[in-house]
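# Analysis of the macromolecular model
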Amino acid sequence: MRADDTPEEVAAPPRPLPSVDIPLLRHERRAGRQVRMIWTGVGATLVLVAAGVAYLNRHDSADDPASAPPPPMLESPAADASVGVDASLPAPAEVPEAPAVELQRASEGGTRLETTFGSARGFRPALLAAGLDNDDAAELETALQGTIDFRRCHPTDVMIINRDADGGLHSFEYHASRRDYVLAERDAHGQLHAEHRERPLDVTPLARGGVIRTSLGEALEALGLGRTLVGSFVEVFDGRVNFQRATRVGDRFKILVDEERLDGELWDYAPPRALEFDGQRTGRVRAFYFAPEGRRGDYYDEDGRSMRGGWLRTPLHYDHISSPFDMHRMHPILHRIQPHNGVDYAAGTGTPVWAAAGGTVIWAGPKGANGNLVGLRHQDGYTTWYAHLSYIAPGIRRGATVEQMQRIGLVGTTGRSTGPHLHFGLKRGTRFVDPLPIINGPGALLPAGLRGPFRRVQRELTAALDAIDAGPAPASQPEPSPHDDPAPIDVPLD
Ligand SMILES: [Zn+2]
């Protein structure tokens, strides 16, 4: 059936619900953090008030950086000024209008006031409640036009007002999230200018290695790393290591990664600079991150070949391959020798089918024995073909561009087909070729001009990997009985 009437419609590839061992995508992690931030912000505020008071008691002339209080939630331009925080914040409904309290003078003789948006009914009232006079508030509001969406202010948003020694408005900060904020500052002519700023992250390069006892996620956690890094291993070694089937207890791994922290709390990881997996089934594989000028950063093996051949390893989650590429196959319906010019992946009707690589749609619709067919044109003269679909996704029509792993349709059994499966064909130029060696094959070598720079990066990273002690070798693990296949490690793919 051509399922235009299927109510469900999804453009992005489906994601399982996040559980502890399923790596989250970057945007999912950020969304989670933002929610968490709102709550931890409340707790941190109370702690900081206590710390600030204690600090004031101890240091009236704060000039001893060695015994500084815990890092303030928001960085102060006057480095040694303790941060005063309004203790009576959130609970929007009950917040009295603008309980702004000045706790400390900034070092240049000016003052710094930190407060929250609170329960003000608008941006201007919030500024007035924070103690700005009408002229300053009006000037500030004008300067901030276009940088802050005044309708989206939140009671817990933090406002910081810095005044000169003579009490004039010097600068203003608006923090609606932990990292990004808006700064309005006076220029040399006294004009206020506003712009978006990002608080810098504390970046710590980490070199870690470990042995898998139960799961890769747990082993990473035992090293003080986030489970989200499981996703890096799965993605980078996609096609080389099947983390669902080929990993065993005692397998070892190494990772070079920059950890990014904000206020001492884990913010994110940069793309790992190098990864190593040393498995009993897989042997040792290494991947090096290389981002030459003007080129997107990617992972390369020790020979400078792209880790990702540019293809998805499979264009769907399938049960098994029900029929391989075979130029001399006896056809199951026609009962004569007819080439099978693709791979049949058995999968239930309705299983999502993804574009194996980014490209352009060259066919979308019924085509004889193929049933509902989608054809995509990719780089280097390749085209991919997806047949017997029960449903073609909206927007998949001739000329449309698709991204890798975009959902293009659903598995079905339309056309000449004995049961639900995806027939996946790959053409190089005008000839069908066996897709498996190509989509699982090695990627392209770096262009000659980039191999030198890559070698230099790779030598450095190799030395760093070699210096990591991942723990005892797999051989020194308790010997499994020869009749006992070691237990596979349960690392879900996404
Ligand atoms: Zn087929």
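Residues numbered from 1 in each chain as written. Predicted model: local features only at pLDDT ≥ 70, side-chain atom pairs only at ≥ 80, totals over all residues. Heavy atoms only, no water.

In strand β13 (residues 343-346), alternate side chains face the same way, and those of Val343 and Tyr345 on one face and Asp344 and Ala346 on the other are all buried. When strand β12 (residues 320-323) meets β13, the two strands line up antiparallel, connected through 3 bridges. Paired with Ser323 across the bridge in β13 is Asp344. Pairing analysis gives 4 bridges linking β13 to strand β21 (residues 421-428), with the strands arranged antiparallel. Bridge assignment links Tyr345 to a residue of β21, and that residue is Leu422. (Buried < 20%, exposed > 50% of the residue type's maximum accessible area, 1.4 Å probe, protein only. Helix = DSSP H or I, 4+ residues; strand = E, 2+ residues; numbered from the N terminus. Pairing = 2+ DSSP bridges.)

Summarising the metal site, the zinc ion is bound by the protein donors His340 (NE2), Asp344 (OD) and His423 (ND1), whose distances to it range over 1.9 to 2.2 Å. For the zinc ion, the donor residues sit on a single chain with the sequence spacing H-x3-D-x78-H. Of this pair, His340 sits in the loop between β12 and β13 while His423 sits in strand β21, and the two are 83 residues apart along the sequence. Pair check on accessibility: His340 and His423 agree, each one buried. (Donors = N, O, S within 2.8 Å, 3.2 Å for Na, K, Ca; no water.)

A few words on the sheet that holds strand β3 (residues 169-175). A sheet is described by the order of its strands in space; here 5 strands give the open sequence β1-β2-β3-β4-β5, paired in antiparallel fashion. The sheet terminates laterally at β1 (111-116) and β5 (192-198), the two strands that pair on one side only. Strand-to-strand twist across the sheet, computed as the mean angle between neighbouring axes with direction ignored, equals 15°. Sheet topology note: the strand β4 (residues 180-186)/β5 ladder contains 7 bridges and is antiparallel. Note on β5: the bridge partner recorded for Val182 is His196. (Axes fitted to C-alpha atoms, helices over the stretch in contact; angles between N-to-C directions.)

Per the stated rule, a full pass over the model turns up 18 salt bridges. In this structure, the salt-bridge partner of Arg179 is Glu198, at a minimum N-O distance of 3.2 Å. Here Arg179 is found in the loop between β3 and β4, whereas its partner Glu198 is found in strand β5, with 19 residues between them in sequence. Owing to a relative accessible area of 48%, Glu198 belongs among the partly exposed residues under this scheme. Asp466 is paired through a salt bridge with Arg286; the nearest N and O atoms lie 2.7 Å apart. Of this pair, Asp466 sits in helix α7 (residues 448-466) while Arg286 sits in strand β10 (residues 283-290), and the two are 180 residues apart along the sequence. One continuous salt-bridge network, built from bridges that share partners, spans Arg178, Arg199, Asp263 and Glu265. (Salt bridge = Lys/Arg side-chain N within 4 Å of Asp/Glu carboxyl O.)

Let us now look at the side chain of Asp157. As for its position among the elements, Asp157 is in the loop between α3 (134-144) and β2 (158-163). Apart from the residues within four sequence positions on either side, Asp157 is in contact with Thr115, Thr116, Phe117, Arg152, Tyr174, His175 and Ala176. (Contact = heavy atoms within 4.5 Å.)

Glancing now at the nonpolar core. Ranked by internal contacts, the top residues of the largest apolar core, which has 28 residues, are Trp311, Val374, Leu376, Tyr386, Ile396, Ile408 and Leu422. Elements that contribute at least two residues to this core include exactly β13, β16 (372-377), β17 (382-389), β21 and α6 (435-439). Setting aside residues no more than four positions away along its own chain, Val374 makes contact with Trp363, Ala364, Thr384, Trp385, Tyr386, Leu389, Ile392, Ile396 and Ile408. If you look at the next biggest cluster of nonpolar residues, it comprises 24 residues, including Ile212, Leu225, Val230 and Ala287. (Core = buried A, V, L, I, M, F, W, Y, C linked by side-chain atoms within 4.5 Å.)

Okay, the pairing of β3 next. Taken across its 7 residues, β3 has 6 buried, putting it largely inside the fold. Note: β2 against β3, 6 bridges, orientation antiparallel. Its bridge partner lying in β3, Ile161 is registered against Phe172. Where β2 folds back on β3, the antiparallel hairpin that results is connected by 5 residues, among which Gly167 adopts a positive phi of roughly 90°. Bridging between β3 and β4 involves 4 bridges; their strand directions are antiparallel. Looking across to β4, one finds that Ser171 is bridged to Glu185. Taking the residues between adjacent antiparallel strands as the criterion, β3 and β4 are bridged by 4 residues.

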